[in-house]
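A structural walkthrough
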Amino acid sequence: MIWEGFLSAMAPVNILYAFLGTALGIVMGAIPGIGSSMTMALLLPFTFWMSPAGALILLGAVYCGATYGGSISAILLNTPGTPASAATSFDGYPMAQQGKGMAAIGIAAMASFVGGAAGLVLLFTVSPLLAEISLKFGPAELFLLTLFTFTIISVTVLKESVMKGLIALGLGLIFSGIGYDPISGALRFTFGLSYLEDGIQLVPAIIGLFAISEVFAFVEMGGTISNSLEAKGGLSDGFRATFRYPATLIRSTVIGSVIGALPGIGVSAANLIAYVAAKARSKHPELFGKGSPEGVIAPEASNNAVTCTSLIPTLTMGIPGSSSAALLMGALMIHGLIPGASLFTTYGEVTYTFFFGLALSNIFMLLLTVLTVRFLVKITVIDVGFLIPIIVSLCFIGSYAMRNNTGDAVVAMAFGVLAYVMRKLKYPLICLLLPIILGAMMERGYHQSLMISGGSFSIFWASPISKTILAITLLSLLYPLAGFFRKMSGNRR
Amino acid sequence: MEIRMKYAESVFLLFCGAVSILFLVLSSAYNEIAKAVPRICSVFVLCCAAFRLLQIWRGDSLKSKVLKVQKRALVFVFLLVGYTVGVYLAGLMLASALFIPLCMYWMGHRKLWLVFLITSGYLLFVYFVFIVGFRMPLPDSLIGF
């Protein structure tokens, strides 16, 4: 069945779909706010007349291409095209400013390729096993996982000023509480505005935090993005640099693969978590934020691993791991394929054709990078005066388009001004963003756990998974504290 | 424009404190489940902001630091607001046709033919990719254009 799937994927029409999907995904992913799910939603009606395998390959290629495409604008303009590449801008953009934009794109492309390939291997081999593990994650485990994420960010990213990070984290949690309460359904903090009933939307928030705030920096800076008009390092340097950090590459791929397999967390959080983990384990954490290649490898390897493994719960149990995976599930069902065991038995050929199509998309991603990178990096030597109004307008379209709501564009602008102030005062934006992504899941997990246990907090250390996450959380808290006390005692002596 | 960092951060912290107090007060009207987490978060922000204020005013880490804000950035806030209102009133295409050349001119580009060329190119791109290609509804004006 796998061999038949391979042969089917190699049909010229399917290769063409994979190429077109990847190219379209890269272009749309690079436009802030458009991203994979919107492009897939727009393409879905066009796939009705295609074969099931062709439709899935086209949409899957868009999914992979857009996840990578978001990193191009994140690196060259510091405006992440998709939430999946928010962390890529932290180090990719400083590299572009130093004239190493081409190398940064090379790193992003190769790390995406490796992450995507590893995710695919997992998709082929351990789909059932990972699906079983993900089923063991109940509300208490998901709550603890989000708590762990917040803790690890507090002790790594915020080493410089823990208080600033904690304030941003708390502010993000407050914002995540706006709208319907996830358990009781009560309306909260809407100030009588019907727009706020659905809460703060992620895409406009990210556009505001990263893209609009960067536009403010452009306005103040003037000139060009790159300080150096000469390109330092080519694409091949980027490709090679990716493999100089095998531990970061493997760790980030594993993080992305596991997070992808867990329904609900998604690619938006995975890249940030992988970035934080890379910084925590790096030999040179001081270089993060200043153009460290590891800072590009980590988010890119993880986000492309997520794109593949998020299909595991989608295909095996019908539980989509992300909005794009949900759209793929919709495409499956439109073509008469029901998620579950039958996808690997009765319809195995279509499923494996789709998997090989994703592999093709990964290869095309590298190929397209090689072909276009020379033209893309030219953007860093264009005067920002030309770029500013165009970026603002694209941000407006991106934030509006998902729900056709002008309110989303207003939220993007408001978050942009807030982010500008926070950047000026050196408050970490990542800490404001992460609770907006995970806040609702944390709150839901907290209440559901207490409901299950009848109000007893013992549920949070009842299962082996809970105990493990709790132990790691406590260790991550104790480790910097031990260092702090060691430093204090050293100073006294 | 220069402001002492100490004062600038204090104003931001007061803003954070005010937001958390507002959410704390509002949450009292909700049921037990709906108010539990927002209350914890509001108190958390309030405590952290108070602690940070103490850090700022007792310590001397920010004593000599100055926050530089360019007037251009402040003007740009008004441009952004103008564009947002413009999109709402005149639709995205018309508002962009005004905003893009205006912004480029304001950023110092005086070659009007180039400004016009880039604006037209961008608008054509938006029209053909989003409106014709993807049939994506973009913000219309109040008069329906």
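This is a predicted model, so every value here is computed, not measured. Residue positions are given per chain, counted from 1 along the sequence in the order it is written. Working convention: letters from A go to chains and numbers from 1 go to ligands, in the order in which they are written. pLDDT decides what is reported in this predicted model: residues at 70 or higher carry local features, side-chain atom pairs at 80 or more are listed and counted, and totals for whole chains, interfaces and linings draw on all residues regardless. With hydrogens and water stripped out, all remaining heavy atoms of the structure feed into the side-chain values.

Broken down by element type, chain A carries 21 helices and two strands. When a residue's accessible area, from a 1.4 Å probe over protein chains only, is under 20% of the maximum for its type it is buried; when over 50% it is exposed; and in between it is partly exposed. Here chain A, with 493 residues, has 64% of them falling under the buried criterion. Residue contacts follow a heavy-atom distance rule, with two residues in contact if any of their heavy atoms lie within 4.5 Å. For chain A, the proportion of contacts with a sequence separation of at least 24, taken over those separated by at least 6, is 78%. Strands are runs of DSSP state E lasting at least two residues, helices are runs of H or I lasting at least four, and both sets are numbered from the N terminus onward.

Turning our eyes to something else, we now look at the packing of helix α12 (residues 246-261) of chain A against helix α14 (residues 293-309) of chain A. All names here are of chain A. Throughout, an axis means a line fitted to C-alpha atoms (over the contacting stretch in the case of helices), and angles, computed between N-to-C directions, take values from 0 to 180 degrees. For the pair α12 and α14, interaxial distance at closest approach is 7 Å and the crossing angle is 35°. In the crossing of α12 with α14, the sense of the turn from one axis to the other is right-handed. For the pair formed by α12 and α14, the contact residues are T248, L249, S252, T253, G256, S257, G260 and A261 on the first element and E294, I297, A298, A301, S302, A305, V306 and T309 on the second. For this classification, Asp, Glu, Lys and Arg are treated as charged, while Ala, Val, Leu, Ile, Met, Phe, Trp, Tyr, Cys and Pro are nonpolar and the rest, including Gly, are polar. For the contact of α12 with α14, the per-class residue count stands at seven nonpolar, eight polar and one charged. Left-handed describes a crossing whose near helix is turned anticlockwise from the far helix by less than a right angle; the clockwise case is right-handed.

How big an interface is tends to be stated in terms of accessible area lost as the parts join. Taken together, the contact pairs 59 residues of chain A with 62 residues of chain B. Buried area: the accessible area, evaluated with a 1.4 Å probe, that two parts lose upon being put together, summed over both parts. For the pair chain A and chain B, the two sides together bury roughly 5400 Å², of which 84% comes from carbon and sulfur. Three residues stand out in chain A for area buried against chain B, namely I174(A), F189(A) and F386(A), and they jointly supply 12% of the buried area on that side. The rule for a salt bridge is simple: a side-chain nitrogen of Lys or Arg has to be within 4 Å of a carboxyl oxygen of Asp or Glu. Here chain A and chain B share zero salt bridges between them. Those elements that place two or more of their residues in the side of chain A that touches chain B are α2 (12-30), α3 (35-43), α9 (162-176), β2 (187-188), α10 (202-221), α18 (384-401), α19 (406-424) and α20 (429-453) of chain A. Counted by class, the side of chain A that touches chain B contains 45 nonpolar, seven polar and seven charged residues.

Glancing now at the nonpolar core. Judged by nonpolar contacts, the single largest core of 137 residues is most densely connected at I388(A), F415(A), F76(B) and F130(B). Per-element accounting of this core gives the leading share, 13 residues, to α20(A). The residues contacting I388(A), other than those within four sequence positions of it, are V215(A), F218(A), V219(A), F76(B), C103(B) and M107(B). Here, nonpolar core refers to any group of buried Ala, Val, Leu, Ile, Met, Phe, Trp, Tyr and Cys residues whose side-chain atoms link them within 4.5 Å. Counting 34 residues, the second-largest nonpolar core is a separate cluster that includes Y63(A), C64(A), V350(A) and F355(A).

Side-chain rings of Phe, Tyr and Trp (the six-membered ring for Trp) are treated as a pair once their centres are within 6.5 Å; stacked means planes under 30 degrees apart, edge-to-face means over 60, and tilted covers the remaining angles. Applying the stated rule across the entire model yields 25 aromatic pairs over all chains. Ring geometry for F90(A) against Y275(A): centres 5.1 Å apart, planes inclined by 80°, an arrangement best described as edge-to-face. Taken as a pair, F90(A) in helix α5 (residues 88-97) and Y275(A) in helix α13 (residues 266-281) lie far apart in primary sequence, 185 residues in all. Owing to a relative accessible area of 18%, F90(A) belongs among the buried residues under this scheme. Judged by centre distance (6.1 Å) and plane angle (85°), the rings of F125(B) and F130(B) are edge-to-face. Taken together, the aromatic side chains of F143(A), Y446(A), F457(A) and F460(A) make up a single cluster linked through ring pairs. Working rule: Lys NZ or Arg CZ, within 6 Å of ring centre, within 35 degrees of ring normal, means a charge sits over the ring. Of note, R110(B) hangs over the ring of Y105(B), and the distance from its end group to the ring centre comes to 4.1 Å.

Positionally, T84(B) belongs in helix α3 (residues 71-90). In this structure T84(B) touches F396(A), V410(A) and M413(A), once residues within four positions along its chain are discounted.

An α-helical turn contains 3.6 residues, so any two residues separated by three or four positions project in the same direction. By definition here, a helix of n residues has an expected span of 1.5 Å times n minus one. Its 17 residues place the ends of α14(A) 24 Å apart at the C-alpha level, agreeing with the 24 Å of an ideal helix rising 1.5 Å per residue. Among the 17 residues that make up α14(A), 17 are buried, leaving the element largely enclosed by the rest of the structure.

A low pLDDT score tells you not to read the predicted coordinates there in detail. Residues and elements named next belong to chain B. The pLDDT score gives, residue by residue, the confidence of the prediction method on a 0 to 100 scale. Of all residues in chain B, 95% have pLDDT values of 70 or greater, and the mean over the chain is 88. Confidence scores differ between elements of chain B, with strand β2 (residues 66-68) showing the lowest mean pLDDT of 84 and helix α1 (residues 5-27) the highest of 93. In the predicted complex, the global pTM is 0.78; the interface-specific ipTM is 0.92.

Next up on the list: a nonpolar patch on the surface. All names here are of chain A. Surface patches are defined over residues having more than 30% relative accessible area and no salt bridge, joining like charges when they lie within 9 Å and nonpolar side chains (Val, Leu, Ile, Met, Phe, Trp, Tyr) when within 5 Å. Under the convention used here, a 1.4 Å probe and the Shrake-Rupley method define accessible areas, while residue burial counts only the protein chains that appear. A surface patch of nonpolar side chains, amounting to about 450 Å² of accessible area, comprises L16, F19, L20, L367 and L371. Mapped onto the nonpolar patch, the elements with two or more residues apiece are α2 and α17 (348-376). With three residues, α2 is the largest single contributor of residues to the nonpolar patch. One can find L371 in helix α17.

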